[in-house]
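# Residue-level structural notes
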Amino acid sequence: MKVVDISDLRSHTGEEVTIRGWLRRKRSSGKIQFLFLRDGSGFVQAIVERSSVSDSVFQNANNLKMESSVVVNGVVKVEERAPGGVELLVTDIEVVQIPEKDFPINKPDHSIDFLMDNRHLWLRTQRQTHILKIRHEIIKAVREFYNDRDFILVDTPIFTGSIGESAGNTFEIDYFDYGKAYLAQTGQLYLEAAAMALGKVYNLGPTFRAEKSKTRRHLIEFWMNEAEVAYYRHEDNIKLQEDLVSYIVHKTLERAGDDILAIGRDIDKLKKIETPFPRMTYDEAIKLLQKKGFTITWGDDIGADEETAVASEFDKPVVVEKYPKMMKAFYMQPDPERPEVVLCDDMLAPEGYGEIIGASERIYERELLIDRIKEYGLDVSSYDWYLELRDYGTVPHSGFGMGIERVVAWIAGLEHIREAIPFARTLYRIHP
Ligand code: 4AD
Ligand code: MG
């Protein structure tokens, strides 16, 4: 018999087929048992009628517990009210395994610690499979966006000898005879080298930050997509970010709209995300925050609460640009008209999801870059190769990094970033 994915059942209406999966839950009314089955591709209700199957098949169905693994034969029947529009009229059931213990995740109100301890099993539940699919479509859209625009994928290293962002939150490791090395906080410095070879480049990979603060927006290990383009200036950079974010939102709505709806996210808010996005300078953001009653002055960091307050003014992501240079990383190009600020931008998602993109034009003159590396207390000798990029045909260039989990949390409407990644690494958790 033909093995079919549950998501494909509809195209086999009237046929007898095989599905292979797990029992999610079960309901019985004496002569009929309703098995709610899943196989990863979708969910379907399978109906076992005492009058149309053998005693042993009916008994098999009766013995099933939550998360039993089963191979089920049945005839596909249209049922518009059912999820997916079909039901399966069971003809045979092969039991692969019936668990000896009750599946631990069986209530709507488990504590978050319990769920995270059982993340390896929690992943099987309906909401989590929807979120994983949304993440999958977001990452697919990211890759497509760059590939369609002839960017070249350049994979950047995880082990690095040069601190990419700031010394505050690095993971240090012993690297053989070399001494100290770090887990990458960013692949940016390497993308800058690659942009001088290939013009338009991007990466997508894990990054690591020993964030000591426990918030709903921070992970210790998170995935970042970065882009870097030779000859791009601040304005080109912002345009690219807007196009990327708008592309991701619309492709994800198109391909995972059902998953987004299924977990209760308000989709109308996402439909409105069109370019251009609203813009303001850091100076304007400070004024706005003061007007809203925050005690904040020029030069202060814009923290999570402040970000939320600024973003709540808009129903699209907002681009905040030109921050004071001492608040930002060493490599950012000063604004020629106002050297106390840099040609950078942060993109803040609406609805309180925080910063999804950090971006800037890069310093392309050797001497200025050396000054800045020293100002930041970083070891100039570990940047010899990075400085050398400025010796051979140096050009203005710009780029940015986008946090994948922040984008997933926003698009899926998640309260906490831990659900946006299959196995979250947070301050107090590395298990499972
Ligand atoms: O703003 P960040 O620190 O920028 C960089 O690392 C640049 N080197 C990128 C570049 O220009 N190539 O980080 C980029 C994004 C943030 O906007 C945020 O979305 C995400 O990465 N991010 C985190 N996401 C989850 N957990 C954390 N601890 C994060 N830290 C940053
Ligand atoms: Mg940032």
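These figures come from a predicted structure and were not determined experimentally.

Along the backbone of the chain there are 12 helices and 18 strands. With respect to the three principal axes, the spread of C-alpha positions in the chain is 85 × 55 × 40 Å. Counting the 432 residues in the chain, one finds 38% classified as buried. Put simply, of all contacts in the chain between residues at least 6 apart along the chain, 65% involve residues at least 24 apart.

Packed helix pairs are specified by the crossing angle of their axes together with the interaxial distance, meaning the distance between the axes. At their nearest, the axes of helix α4 (residues 126-148) and helix α12 (residues 404-412) sit 10 Å apart, and the two run at 120 degrees to each other. Relative to α12, α4 is oriented oblique. Seen along the crossing, α4 lies across α12 with a hand that is right-handed. Residues Ile131, Ile134, Arg135, Ile138 and Ile139 of α4 lie in contact with α12, whose contacting residues are Ile404, Val407, Val408, Ile411 and Ala412. Class assignment for the residues of the contact of α4 with α12 results in 9 nonpolar, no polar and 1 charged.

The omega angle of the peptide bond from Thr275 to Pro276 is -5 degrees, so this bond is cis rather than trans. Looking along the chain, the bond that leaves His431 and enters Pro432 is cis, with omega of 0 degrees. In this fold, Pro432 is placed in the segment after α12. One non-glycine residue, Phe176, adopts positive backbone phi at about 45 degrees.

Let us now look at the site of ligand 1. Close to ligand 1 lie 23 residues; Thr186, Gln188, Gly358, Gly401 and Gly403 are nearest. At the level of secondary structure, the elements contributing two or more residues to the shell around ligand 1 comprise β11 (221-230), β17 (354-361), β18 (397-403) and α12. Classifying every residue of the shell around ligand 1 by side-chain character gives 8 nonpolar, 8 polar and 7 charged.

Another aspect to go through is the packing of α4 against helix α6 (residues 234-262). Contact geometry of α4 with α6 gives a least axis separation of 9 Å together with a crossing angle of 155 degrees. Taken together, the axes of α4 and α6 are roughly antiparallel relative to one another. The handedness of the crossing between α4 and α6 comes out as right-handed. Taken together, the residues of α6 that come into contact with α4 (itself represented by His130, Lys133, Ile134, Glu137, Ile138, Ala141, Val142 and Phe145) are Leu244, Tyr247, Ile248, Lys251, Thr252, Arg255, Ala256, Asp259, Ile260 and Ala262. In terms of residue class, the contact of α4 with α6 is built from 11 nonpolar, 2 polar and 5 charged.

Let's shift gears to the environment of Ile260. Inspection of the secondary structure assignment puts Ile260 in helix α6. By the C-beta count within 10 Å, which is 22 here, Ile260 ends up buried. Sequence separation between Ile260 and Lys239 is 21 residues, and the spatial gap between their C-alpha atoms is 27 Å. Non-local contacts of Ile260, meaning those with residues more than four positions away in its chain, are made with Ile134, Leu253, Arg265, Ile267, Ile411 and Ala412.

As a further point, take the pairing of β17. It is a general feature of regular strands that their side chains alternate between the two faces of the sheet. For β17, the buried fraction is high: 7 of the 8 residues fall into the buried class. The antiparallel hairpin formed by strand β16 (residues 344-349) and β17 contains 4 residues in its connecting segment, where Glu351 sits at a positive phi of about 60 degrees. Judged from the 5 bridges that link them, β17 and β18 form a sheet pairing that is antiparallel. The residue of β18 that forms the bridge with Ile357 is Met402.

So, about the nonpolar core. The nonpolar side chains of soluble globular proteins are, as a tendency, buried together. Grouped together as the largest cluster of nonpolar side chains are 76 residues, with contacts concentrated most on Ile138, Val407, Val408 and Ile411. Ranked by the residues each element gives to this core, the list is headed by α6, at 8 residues. Those residues within four positions of Val408 in sequence are excluded, and the remaining contacts are Ile134, Arg135, Ile138 and Ala420. Listed in part, the 20 residues of the second largest apolar core include Leu23, Ala46, Leu64 and Val70.

Strands in a sheet are paired, the pairing made by backbone hydrogen bonds, and the direction either parallel or antiparallel. Strand order in the open sheet made by the 8 strands is β6-β10-β11-β18-β17-β16-β13-β12, with mixed pairing throughout. Sheet topology places β6 (152-153) and β12 (279-281) at the edges, where each strand pairs with a single neighbour. Seen against the sheet, helix α5 (residues 188-198) touches β6, β10 (200-208), β11 and β18 and runs at an angle of roughly 30 degrees to β11. Where α6 meets the sheet, it contacts β11, β13 (318-321), β16, β17 and β18, and its direction lies at approximately 30 degrees from that of β18.

Next up on the list: the sheet that holds strand β7 (residues 159-160). The strand order across the open sheet formed by 3 strands is β7-β9-β8, and the pairing between neighbours is antiparallel. Each edge of the sheet is formed by a strand with only one pairing partner; in this case those strands are β7 and β8 (172-175).

Of all residues in the chain, 100% attain a pLDDT of 70 or more, and the chain-wide mean is 97. When pLDDT is averaged over each helix and strand of the chain, the minimum, 95, is found for strand β9 (residues 179-183) and the maximum, 99, for β18.

Another point: the pairing of β11. Of all 10 residues that make up β11, 9 are buried, and the element is covered over most of its length. Of the strand pairs in this sheet, β10 and β11 are connected by 9 bridges, and their pairing is antiparallel. When the bridges of β11 are listed, Thr207 appears paired with Phe222. Here β11 runs beside β18; their pairing, made up of 7 bridges, is antiparallel. If you follow Ala227 over to β18, its bridge partner there is Phe400.

Moving on: the domain arrangement of the chain. Once the domains are mapped, the chain shows domain 1 (6-97) and domain 2 (119-420). Relative to domain 2, the C-alpha centre of domain 1 lies at a distance of 46 Å.

Thresholds applied
Residues numbered from 1 in each chain as written. Chains lettered and ligands numbered in written order. Predicted model: local features only at pLDDT ≥ 70, side-chain atom pairs only at ≥ 80, totals over all residues. Helix = DSSP H or I, 4+ residues; strand = E, 2+ residues; numbered from the N terminus. Buried ≥ 20, exposed ≤ 12 C-beta atoms within 10 Å, placed from the backbone. Contact = placed C-beta atoms within 7 Å. Axes fitted to C-alpha atoms, helices over the stretch in contact; angles between N-to-C directions. Parallel < 35°, antiparallel > 145°, perpendicular 65-115°, else oblique. Left-handed = near helix turned anticlockwise from the far one by under 90°. Nonpolar A, V, L, I, M, F, W, Y, C, P; charged D, E, K, R; others polar. Near = placed C-beta within 6 Å. Pairing = 2+ DSSP bridges. Core = buried A, V, L, I, M, F, W, Y, C linked by C-beta atoms within 7 Å. pLDDT = per-residue confidence, 0-100. Domains from an automatic or database assignment.

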